[in-house]
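# Fold and geometry: a report
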Amino acid sequence: MSKPRTSTLLLILAVGMVSVSFGAILVRWAQEAPSLTIALYRMAWAWVLISPFYWSGAGRESSQEGKSESSWWFLAAGAALALHFAFWIGSLRFTTVAVSTLLGNTAPVMVAAMAFVFLKERLSARGLLGIGLAVAGATTLVWQDLGLVGNPRGPLLALAGAAMLALYLVVGRRVRRGRSLLHYVFPVYGCAALCLLLMTAVAGEPLRGFQTSTHLSLFLLGLVPQCLGHTSYNWALRYLSATVVSSLVLAEPILATVWAWLLLSEGLTGMTLVGGVLVGGGLLLVVRWGDRADSKDPVEIAAGLLFRGERLWIQRRPPGKHLAGYWEFPGGKLEPGESPVQALCRELREELGLTISPDSLEPFDVVEHSYPDRQVRIYFFRCSDAADPDPELEVDGTWERISGLPEFTFPEANRAVLDRLKALAEGPPSESAEGPGRPPDKPAS
């Protein structure tokens, strides 16, 4: 799919930002209903509204059941999303829209902090400074509510919602890979709605008996901020970097505060402004520069598309490695002074016991991709009539037709190559031997 025009991208992103920012306003208009009920209706309506699109396209995506992520991961993502909305919507009963949205959007900072503490992922100096600023801003906002209303319940609920959103994002990193947008959000939204239904039943919260205006606000919550807003962001990730899209989180508290001032007559205190500047500055530093520690160059990798007839060799990444358990094409990192061709020949010899002539490797594609903890540049080469790997090496792999590859979970960096393989397989046979432009045969810098 070709990249849309810049004007189209900007229009859809603008719709997304405005739609998401109306979430807090619609919650306020629906507060005749309990917080858990509001959260339930938001997720239930979102699930219902995307159902027709999911079922109409379900047949075009192969099921990954048994070869991809466990359904428990979808339940975990849905539970985290349910708790996020339960806590955040609850916070709006005890604090202002400005404070609630500012603290509710600190999830990127929490993700970066958790990755730094528990996963030992490196952060840049600006990333660490951003975490510090966000913590200082959050402390200021909590302290303000403690002084104004006598307890910090609202800000603390908002922070709990942000923590659940951070958990949802972390789990989503694993679940989302290798799946289309609809085949991710449909089961996750359904799990979230089911969790909230159970929570409302346990809490004894009512599900009906509200005014028509309240039901309209509940419907709009599912349609506007959830379906239009979040879907616009996820759609934009196909064409823009995650850094650019994640920076849009800064717009929600700003726009939401403006709507609260215009529609709810909520004012701003000096401490809200100070805390907002600190939180906003911290978010900007984390989402823009937090994961670019030392501005390192991308990790360069050579990978082989080994064909035997119409089948392609794929193998599972072993435990202990980055993205362990995912399927991949054989290959590995370039050593200092190696060209991509030299590196691939060496890796195939070491991994699979195959001796491949450099002349048999045809340049296929060069892909650059950013993961949360690293950037990679992958040089893909095609090799026809490859032999079986050495059985003594006991590699966990298989020969698979291109049509069967969607049933395996690959790292996101392989998505463009998988799409191209599928397109070439569906085209004239003569096209499958052609590869794109530049032959990556120069030594790595």
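Our structure's up above, just so we're on the same page.
Note that the coordinates shown come from a computational prediction; the quantities given were computed from them, not determined experimentally. (Residues numbered from 1 in each chain as written. Predicted model: local features only at pLDDT ≥ 70, side-chain atom pairs only at ≥ 80, totals over all residues. Heavy atoms only, no water.)

A separate point is the packing of aromatic side chains. For the coordinates displayed, the defined rule picks out 10 aromatic pairs. Ring plane angle 85 degrees and centroid distance 4.9 Å describe the contact between W45 and F219, whose orientation is recorded as edge-to-face. One end of the pair, W45, is in helix α3 (residues 35-57); the other, F219, is in helix α10 (residues 212-236), with 174 residues separating them in the sequence. Ring centres of Y54 and W55 lie 4.9 Å apart, and the angle between their planes is 80 degrees; on these two criteria the pair is classed as edge-to-face. Overall, Y54 belongs to the buried group, its relative accessible area being 15%. A relative accessible area of 56% places W55 in the exposed class. Through pairs of rings, three or more aromatic residues link up here, namely W47, Y54, W55 and F186. (Phe/Tyr/Trp six-rings, centres within 6.5 Å; stacked < 30°, edge-to-face > 60°. Helix = DSSP H or I, 4+ residues; strand = E, 2+ residues; numbered from the N terminus. Buried < 20%, exposed > 50% of the residue type's maximum accessible area, 1.4 Å probe, protein only.)

Glancing now at the pattern of salt bridges. If you walk through the whole model with that rule in mind, you get 11 salt bridges. Taking the shortest distance from any N to any O, the salt bridge between R377 and E300 comes out at 2.9 Å. You can see R377 sitting in strand β6 (residues 374-383) and its partner E300 sitting in strand β1 (residues 299-308), a full 77 residues away along the chain. In this pair, the class of R377 matches that of E300, namely buried. A salt bridge links E310 to R401, with the shortest nitrogen-to-oxygen separation between them at 2.6 Å. Residue E310 is located in the loop between β1 and β2 (311-316), and its partner R401 is located in strand β7 (residues 397-401); the two are separated by 91 residues in the primary sequence. You can call R401 partly exposed: its relative accessible area is 35%. Each of E338, R346, E347 and E350 takes part in one network of salt bridges that share partners. (Salt bridge = Lys/Arg side-chain N within 4 Å of Asp/Glu carboxyl O.)

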